[in-house]
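Now for the letters of each chain:
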Amino acid sequence: MAEGTVQYQPYQYAQKVLERLVHDGLTPSPNNYAVYYYYFTGTNPNLKMAIDTLIENQKKLTQENCNELYQAHLGLEAEHKVMEETSSVIEGEIKRVLEEIDKAATDTKQYGKTLDTFSGQLTGSASLEQIRGAVTKVMTETRTISKQNERLAGQLAQTTQQLSEVRYNFEQAHKELQIDPLTEVGNRKYFDTQLSKTTAEARESAAPLTLLMVDIDHFKKFNDAYGHQIGDQVLRLVARTLVENLKGRDVIARYGGEEFVILLPQTRATDAEKVANQLRASLATKHIRKRNTNETLGVVTISIGATEYRTDEELDSFVARADAGLYKAKNAGRNQVVIEV
Ligand code: GH3
Ligand code: MG
Ligand code: MG
């Protein structure tokens, strides 16, 4: 019978997946994990069928199989979801492991009670034979329980090790997928995900949502005059300024080159304009300095286009309108905010 037809508890999926990965000699990478994870949950019938056939023919999956299966059946959209689901499964698994340890401790206590009973039996008028018999029993049980404990401890250590490896891989992949390595704010992909999410929330709650499109002024000149390293320093400074001045629920991402995008949930365009000007003001107080000489190279300015989401529009037109605002801000002389309605 194919293994995938069995229904498991959530924590058991993680264990099943790990067992299979170890069995097949595959690394517990996020993609490999996802392939078997979906196999066992059975939520992707085509994937399940493909794997059943492969296992029937060759007993296990190769790395190449995994890559192909992932490409064909899971792909980018699923990636995010799998990550989230798997993280919570891993959390559950670790909790279970801790509970096992607790239980083992209780078993040991129980054994202690057995010992007490035995020693009770040994008092009084027990014959030498009875004493020998009781001692042998106790010794046997002692060996059994200590072996059990040893094995359990070994298993737990192994599971924990595997899980932390999986979790580490996941965290790394997750980070790489969503974060811009230079500025450490979200990347374009993160923005796209958050754009769908925040607009959906705005539609549901009828709360306003404003998008800011931020572009560094004359960045090319800065780059040309002082070099790319200073240019990168400017990008990091701008990103840090945005992060410092915005709330936790706001979405900040690098849209590309020297452009950043900001989603402000529960914020009208008129209030967003204040926020945007606050960002400009904060940046104006920061001087770019050469690392070695501390010589100041002046300040950088930004232009910002802002627009409020219309619940009946396409996401593209929402972004395009913010871009149009930015374009106007540039044409009007830069270092300013334009609301596009
Ligand atoms: P404007 O005020 O009209 O926006 O002028 P600008 O010079 O900022 O805009 P333009 O689009 O002409 O030039 C953008 C420059 O940004 C081009 C490129 O040299 C620079 N750039 C893009 N990405 C990076 C990066 O990752 N690091 C560095 N150092 N420079 C970058
Ligand atoms: Mg620019
Ligand atoms: Mg630009």
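Residues numbered from 1 in each chain as written. Chains lettered and ligands numbered in written order. Predicted model: local features only at pLDDT ≥ 70, side-chain atom pairs only at ≥ 80, totals over all residues. Heavy atoms only, no water.

## Some remarks on the coordination of the magnesium ion (ligand 3)
Protein coordination of the magnesium ion (ligand 3) is provided by D215 (OD) and E258 (OE), with donor distances spanning 2.2 to 2.3 Å. Taken as a pair, the magnesium ion (ligand 3) and the magnesium ion (ligand 2) show a spacing of 3.7 Å, with D215 coordinating each metal. One end of the pair, D215, is in strand β1 (residues 209-216); the other, E258, is in the loop between β2 (251-256) and β3 (259-265), with 43 residues separating them in the sequence. For the pair formed by D215 and E258, the shared burial category is buried. (Donors = N, O, S within 2.8 Å, 3.2 Å for Na, K, Ca; no water. Helix = DSSP H or I, 4+ residues; strand = E, 2+ residues; numbered from the N terminus. Buried < 20%, exposed > 50% of the residue type's maximum accessible area, 1.4 Å probe, protein only.)

## Quick word on the coordination of the magnesium ion (ligand 2)
For the magnesium ion (ligand 2), the full set of protein donor atoms is D215 (OD), I216 (O) and E258 (OE), and the range of their distances to it is 1.9 to 2.2 Å. Donor residues for the magnesium ion (ligand 2), ordered by position in the chain, follow D-I-x41-E.

## Side note on the site of ligand 1
Among the 16 residues in the neighbourhood of ligand 1, the closest are listed as H218, N223, R254, K330 and R334. Here an oxygen atom of ligand 1 and a side-chain polar atom of D215 are 2.8 Å apart. Between ligand 1 and the protein, one listed contact pairs a nitrogen atom with a backbone N or O atom of H228 at 3.2 Å. When ligand 1 sits alone it has 660 Å² of accessible area, and the protein chains cover 68% of it. Within the residue set of the shell around ligand 1, elements represented by two or more residues are β1, α7 (219-226) and α8 (228-245). Broken down by class, the residue content of the shell around ligand 1 amounts to three nonpolar, five polar and eight charged. (Near = heavy atom within 4 Å. Polar contact = N/O pair within 3.5 Å; in protein donor to acceptor, adjacent residues only side chain to side chain. Areas by Shrake-Rupley, 256 points an atom, 1.4 Å probe, with all protein chains shown as cover. Nonpolar A, V, L, I, M, F, W, Y, C, P; charged D, E, K, R; others polar.)

## Considerations on the sheet that holds β3
A sheet is described by the order of its strands in space; here five strands give the open sequence β2-β3-β1-β4-β5, paired in mixed fashion. Strands with a single pairing partner mark the edges of an open sheet, and in this sheet they are β2 and β5 (337-339). Going from strand to strand, the sheet's axes swing by 20° on average, the running direction of each strand aside. Bridge analysis of strand β4 (residues 302-308) against β5 gives three bridges, and the strand direction is parallel. For I304, the partnering residue across the bridge sits in β5 and is V337. Along the sheet, α8 makes contact with β1, β2, β3 and β4, crossing β3 at roughly 5°. Across the sheet, helix α10 (residues 315-331) lies against β1, β2, β3, β4 and β5, angled at about 145° from β4, the strand it touches most. (Pairing = 2+ DSSP bridges. Axes fitted to C-alpha atoms, helices over the stretch in contact; angles between N-to-C directions. Contact = heavy atoms within 4.5 Å.)

## Here's the deal with the pattern of salt bridges
Counting across every chain of the model gives 13 salt bridges. K48 is the partner of D52 in a salt bridge, and the nearest nitrogen-oxygen pair spans 2.7 Å. Of this pair, D52 and K48 both sit in helix α3 (residues 45-58), four residues apart, roughly one helical turn. With a relative accessible area of 18%, D52 lands in the buried category. In this structure, D180 engages R254 in a salt bridge whose closest nitrogen and oxygen atoms are separated by 3.2 Å. A residue pair is termed long-range when its members are at least 10 positions apart, and D180 in the loop between α5 (128-178) and α6 (188-205) and R254 in strand β2 qualify at 74 residues. Residue classification places D180 among the buried positions, given a relative accessible area of 10%. Overall, R254 belongs to the buried group, its relative accessible area being 16%. Through salt bridges with shared partners, a single network forms among D215, D217 and K330. (Salt bridge = Lys/Arg side-chain N within 4 Å of Asp/Glu carboxyl O.)

## Concerning the pairing of β1
With eight of its eight residues buried, β1 lies for the most part within the structure. Covered by surrounding structure in β1 are L209, L211, M213 and D215 together with T210, L212, V214 and I216, the residues of both alternating faces. As paired elements, β1 and β3 share seven bridges and run antiparallel to each other. When the sheet's bridge partners are listed, T210 is paired in β3 with L264. Direction of pairing for β1 relative to β4: antiparallel, over a ladder of seven bridges.

## Section: α7
Looking at α7, one finds that the buried residues are F219, F222 and N223. On an axial view of α7, the arc spanned by its buried residues comes to 95°, and they lie on one face. Facing away from the buried surface of α7 by more than 90 degrees, the exposed residues are K220, K221, D224 and A225. Buried residues along α7 sit in contact with β1 and α8. Following α7 by one or two positions, G227 has its phi on the positive side, about 95°. (Arc of directions from axis to C-beta.)

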